[in-house]
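Structural characterization, general
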Amino acid sequence: MTDVEGPVYEPGHGLLKGRTAVITAAAGAGIGGATARRFLEEGARVLISDAHGRRLKEYEAELAAEFEGVAALACDVTDEAQVRALFGTALRLHGRLDIVVNNAGLGGTSDLVDMSDEQWSRVLDVTLNGTFRCTRAALRAFREGGHGGVIVNNASVVGWRAQAGQAHYAAAKAGVMALTRCAAMEAAGLGVRVNAVSPSLAMHPHLVKVTTPELLAELTAREAFGRYAEPWEVANVIVFLASGYSSYLTGEVVSVSSQHA
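So, here is what we can say about the structure in this document. (Residues numbered from 1 in each chain as written. Predicted model: local features only at pLDDT ≥ 70, side-chain atom pairs only at ≥ 80, totals over all residues. Heavy atoms only, no water.)

1. Some thoughts on the environment of Leu40
Rules: Only runs of H or I of at least four residues qualify as helices and only runs of E of at least two qualify as strands under DSSP, and these elements are numbered from the N terminus. We call two residues in contact when some of their heavy atoms are within 4.5 Å.
With respect to the helices, strands and loops of the structure, Leu40 is situated in helix 1 (residues 30-41). Spatially, the C-alpha atom of Leu40 lies 8.3 Å from that of Leu16, the residues being 24 residues apart in sequence. In contact with Leu40, not counting residues within four places along its chain, are Val46, Leu63, Phe67, Glu68, Gly69 and Val70.

Following this line, the structure appears as structure tokens:
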């Protein structure tokens, strides 16, 4: 089945008005950049971060030309000192923190039999350990603030299903799902909700660089609509999870795809 007319980009409705957010891996391309834009359109103040400083500053300037309330700080989520600096900056800028979107992740393709320890560890450190570090920092900030909060993690359908060459990435994303569920149980007493999105194929320039046309065509053909998702379509679900419309939802992994298994 094909969506002939394509998806419709909905305008903002003030769903995050007055909220402050930190979004990792948000240097323009992909889900993080789309989420930053959608949050600003919904009235939030946003601190975007990314390990790529130049691209981050360029995207900050692009957003600042259209919106108020946007700032940027480079952050490598594998570095605890940089993570602490990111969350400290958010609190200094806005006096409070309401939403954290853990989007940072690292992929790659390698058969397990040929995979090096460094390849395995690097993907796990960025994707899983980085989400852990930022979740821990967020929970500490929320506990100190005493007004609750929301964390949305970015998982992946490969955390549920097998795909050749993706053992490290799949293990990391399955870990993000488990981390999300456990963190939600611990955070409930703080009035904090923790959920995750699980996209399948969201197209952006960096994905094209690391994926063959043949594999992209195969993955696209698996999708119910016969097309890949636009990054902003995933961002729309993140907005929902960050907003009051999901006030009783925690510990859930929401598939933004038809690919569950």
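2. Quick notes on the pattern of salt bridges
Rule in force here: A carboxyl oxygen of Asp or Glu within 4 Å of a side-chain nitrogen of Lys or Arg is what we treat as a salt bridge. Partly exposed describes any residue whose relative accessible area lies between the buried limit of under 20% and the exposed limit of over 50%, with all areas from a 1.4 Å probe on protein chains only and scaled to the type maximum.
Tallying each qualifying case throughout the model produces 9 salt bridges. A salt bridge links Glu80 to Arg136; the nearest nitrogen and oxygen atoms lie 3.1 Å apart. Separated by 56 residues along the polypeptide, Glu80 in helix 3 (residues 80-94) and Arg136 in helix 4 (residues 117-145) bring together distant segments of the chain. Asp125 is the salt-bridge partner of Arg133, the closest N and O atoms lying 2.8 Å from each other. On the basis of relative accessibility, which here comes to 14%, the residue Arg133 falls in the buried class. Each of the salt bridges in this network shares a partner with another, and the network as a whole consists of Arg37, Glu62 and Glu66.

3. What about the packing of helix 3 against helix 4?
Spelled out, the test is: Note on definitions: angles span 0 to 180 degrees between N-to-C directions of axes, and those axes are lines fitted to C-alpha atoms, for helices only across the stretch in contact. By definition, turning the near helix anticlockwise from the far helix through less than a right angle yields a left-handed crossing, and turning it clockwise yields a right-handed one. The residue classification treats Ala, Val, Leu, Ile, Met, Phe, Trp, Tyr, Cys and Pro as nonpolar and Asp, Glu, Lys and Arg as charged. All others, Gly included, are polar.
Running from N to C, helix 3 and helix 4 point in directions that differ by 35°, and their axes come no closer than 10 Å. The chirality of how helix 3 crosses helix 4 is right-handed. Contact residues: Glu80, Val83, Arg84, Phe87 and Leu91 in helix 3; Arg133, Cys134, Arg136, Ala137, Ala138, Arg140 and Ala141 in helix 4. Taken together, the residues that form the contact of helix 3 with helix 4 break down as 7 nonpolar, no polar and 5 charged.

4. Points about the packing of aromatic side chains
Let me state the cut-off plainly: Planes of paired rings set the category: under 30 degrees apart is stacked, over 60 is edge-to-face and the rest tilted, where pairs are Phe, Tyr or Trp rings (Trp by its six-membered ring) whose centres lie within 6.5 Å. The criterion is that NZ of a Lys, or CZ of an Arg, lies within 6 Å of the ring centre and within 35 degrees of the ring normal, and then a charge sits over that ring.
Summed over all chains, the structure comprises 1 aromatic pair. Relative to Trp232, the ring of Tyr9 has its centre 4.9 Å away and its plane inclined at 65°; by these criteria the two rings are edge-to-face. Note that Tyr9 is positioned in the segment before strand 1 (20-23) and Trp232 in helix 8 (residues 231-242), a separation of 223 residues in sequence. Over the aromatic face of Tyr9 sits the side chain of Arg38, whose NZ or CZ is 4.4 Å from the ring centroid.

5. Here we look at helix 2 (residues 53-64)
We count it as follows: To estimate how far a helix should reach, multiply one less than its number of residues by 1.5 Å. Directions drawn from the helix axis to the C-beta atoms are what define this arc.
With 12 residues, helix 2 extends 16 Å between its outermost C-alpha atoms, agreeing within 8% with the 16 Å of an ideal straight helix rising 1.5 Å per residue. The complete set of buried residues in helix 2 reads Leu56, Tyr59, Glu60 and Leu63. One side of helix 2 holds all its buried residues, which, seen down the axis, span an arc of 105°. Those residues of helix 2 hidden inside the fold are in contact with helix 1, strand 2 (45-50) and strand 3 (70-74).

6. Description of the state of the cysteines
In plain terms, the rule: By definition, disulfides here are pairs of cysteine sulfur atoms that lie within 2.5 Å.
Applying the stated criterion across every chain yields a total of 0 disulfides. Just so you know, Cys75 is unpaired, no disulfide at all, and the nearest cysteine sulfur is the one on Cys134, 5.8 Å from it.

7. Structural notes on the packing of helix 4 against helix 5 (residues 167-187)
Inclusion rule: Angles are sorted into four bins: roughly parallel if under 35 degrees, roughly antiparallel if over 145, roughly perpendicular if 65 to 115, and oblique for all others.
The N-to-C vectors of helix 4 and helix 5 enclose an angle of 15°; their axes lie 9 Å apart at closest approach. As far as their axial angle goes, helix 5 and helix 4 are roughly parallel. Like other packed secondary-structure pairs, helix 4 and helix 5 cross with a definite hand, here right-handed. Where helix 4 abuts helix 5, its residues Gln119, Trp120, Val123, Leu124, Thr127, Leu128, Thr131, Phe132, Thr135 and Leu139 lie against Ala167, His168, Tyr169, Ala171, Ala172, Lys173, Gly175, Val176, Leu179, Ala183 and Ala187. Residue composition of the contact of helix 4 with helix 5, by class: 14 nonpolar, 6 polar and 1 charged.

8. What about the environment of Glu233?
In plain terms, the rule: Throughout this description, a polar contact denotes any pair of N or O atoms lying within 3.5 Å of each other; where both atoms belong to protein, one of them has to be capable of donating a hydrogen while the other can accept it, and for residues adjacent in sequence the pair is counted only when both atoms sit in side chains.
Here Glu233 is to be found in helix 8. For Glu233, a relative accessible area of 17% puts it in the buried group. Expressed as a C-alpha distance, the spacing of Glu233 and Val256, which sit 23 residues apart in the sequence, is 8.3 Å. A polar contact is formed between the side chain of Glu233 and the backbone nitrogen of Glu230, at a distance of 2.8 Å.

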